Amino acid sequence: VTAVDTAGFESAPSPEGAHIVSGIFDDPGTPTIPRTPYISRVYPNPFNASTTMDVFIPEIGAIPAPVSVTLFDVTGRAVAIAFEVRLGPGQNSISILAVDRSGQELASGLYIARLRVWQSEFGSAMKLVHLK
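Rules and cut-offs
- Each chain carries its own residue numbering, running from 1 in the direction its sequence is written.
- Local features are withheld for residues below a pLDDT of 70 in this predicted model, meaning they are given only at 70 or higher, and side-chain atom pairs are given and counted only at 80 or more; totals for whole chains, interfaces and linings count all residues.
- With hydrogens and water excluded, all non-hydrogen atoms of the structure serve as input to the side-chain values.
- Helix and strand assignments follow DSSP, with helices taken as H or I runs no shorter than four residues and strands as E runs no shorter than two, numbered in order from the N terminus.
- Only heavy atoms matter for contacts: two residues are in contact if any of them lie within 4.5 Å across the pair.
- In the analysis that follows, any N or O atom pair within 3.5 Å is treated as a polar contact, provided that within protein one partner can donate a hydrogen and the other can accept it, and provided that, for residues neighboring in sequence, both atoms belong to side chains.
- A strand pair is defined by DSSP finding two or more bridges across the two strands.
- The convention used is that axes are lines fitted to C-alpha atoms, helices contributing only their stretch in contact, and that angles between N-to-C directions extend from 0 to 180 degrees.
- The term nonpolar core refers to a set of buried residues drawn from Ala, Val, Leu, Ile, Met, Phe, Trp, Tyr and Cys, joined through side-chain atoms within 4.5 Å.
- Each residue is placed in one exposure class: buried if its accessible area under a 1.4 Å probe, protein chains only, is under 20% of its type's maximum, exposed if it is over 50%, and partly exposed if it falls in between.

Undergrad: Quick question: what am I supposed to make of the environment of R41 here?
TA: Mapped onto the secondary structure, R41 falls in strand 1 (residues 38-43). Taking the C-alpha atoms as reference points, R41 and F56, separated by 15 residues in sequence, lie 9.6 Å from one another. Once you skip the residues sitting within four places of it in the chain, R41 turns out to touch T52, M53, D54 and M126. At 2.9 Å, the side chain of R41 forms a polar contact with the side chain of D54.

This is how it looks when you write it as structure tokens:
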């Protein structure tokens, strides 16, 4: 990726990386539209058998986009894939069961949820508390 200024000077190429272009540009006086996916909320939290996660997906690339959320325990070990789906743009609500990869109920405790879209992680980690 390079940048060209108004005088026609071009910058050196940037290193390769994952980029998402939304096709939406800031217009003075209009509200800012998020350009990256993120987990907007988890409710209820703390939760027992299941909870609901709201995930925002901007209008990016090919839609619907492959999306997954992985749950990690406090040691950083991936204990469950909360969901793997293809989601369209906008706010999406997903139900999550409190089970690990083998289908066993998660132990009570703190878990961290990480969002992946198109194989790249986005947004801040979300803390979830599971109570039996």
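Undergrad: Would you explain the sheet that holds strand 2 (residues 50-57) in this entry?
TA: Sheets are built from strands paired through backbone hydrogen bonds, the pairs being either parallel or antiparallel. Strand order in the open sheet made by the three strands is 1-2-5, with antiparallel pairing throughout. Unpaired on one side and paired on the other, strand 1 and strand 5 (90-97) mark the two borders of the sheet. Each neighbouring strand pair of the sheet contributes to a mean axis angle of 25°, computed without reference to strand direction. Where strand 1 lies against strand 2, five bridges are found, and the strand directions are antiparallel. Opposite I39, over in strand 2, you have V55 as the bridge partner.

Undergrad: For this particular structure, what's the right way to read the nonpolar core?
TA: One broad trend across soluble globular proteins is that nonpolar side chains are buried collectively. Grouped together as the largest cluster of nonpolar side chains are 26 residues, with contacts concentrated most on M53, L71, F83, L115 and V117. If you list the elements that add at least two residues to this core, you get strand 1, strand 2, strand 3 (65-72), strand 4 (78-87), strand 5, strand 6 (109-117) and strand 7 (120-130). Top element by residues in this core is strand 4. It accounts for five residues.

Undergrad: Help me understand the sheet that holds strand 6 in this model?
TA: With antiparallel pairing, the four strands of this open sheet are ordered in space as 4-3-6-7. Every other strand in the sheet has two partners, leaving strand 4 and strand 7 as the edge strands with one partner each. Strand-to-strand twist of the sheet, defined as the mean angle between neighbouring strand axes without regard to direction, takes the value 20°. In terms of strand pairing, strand 3 meets strand 6 through six bridges, oriented antiparallel. Bridging across to strand 6, F72 finds its partner in I112.

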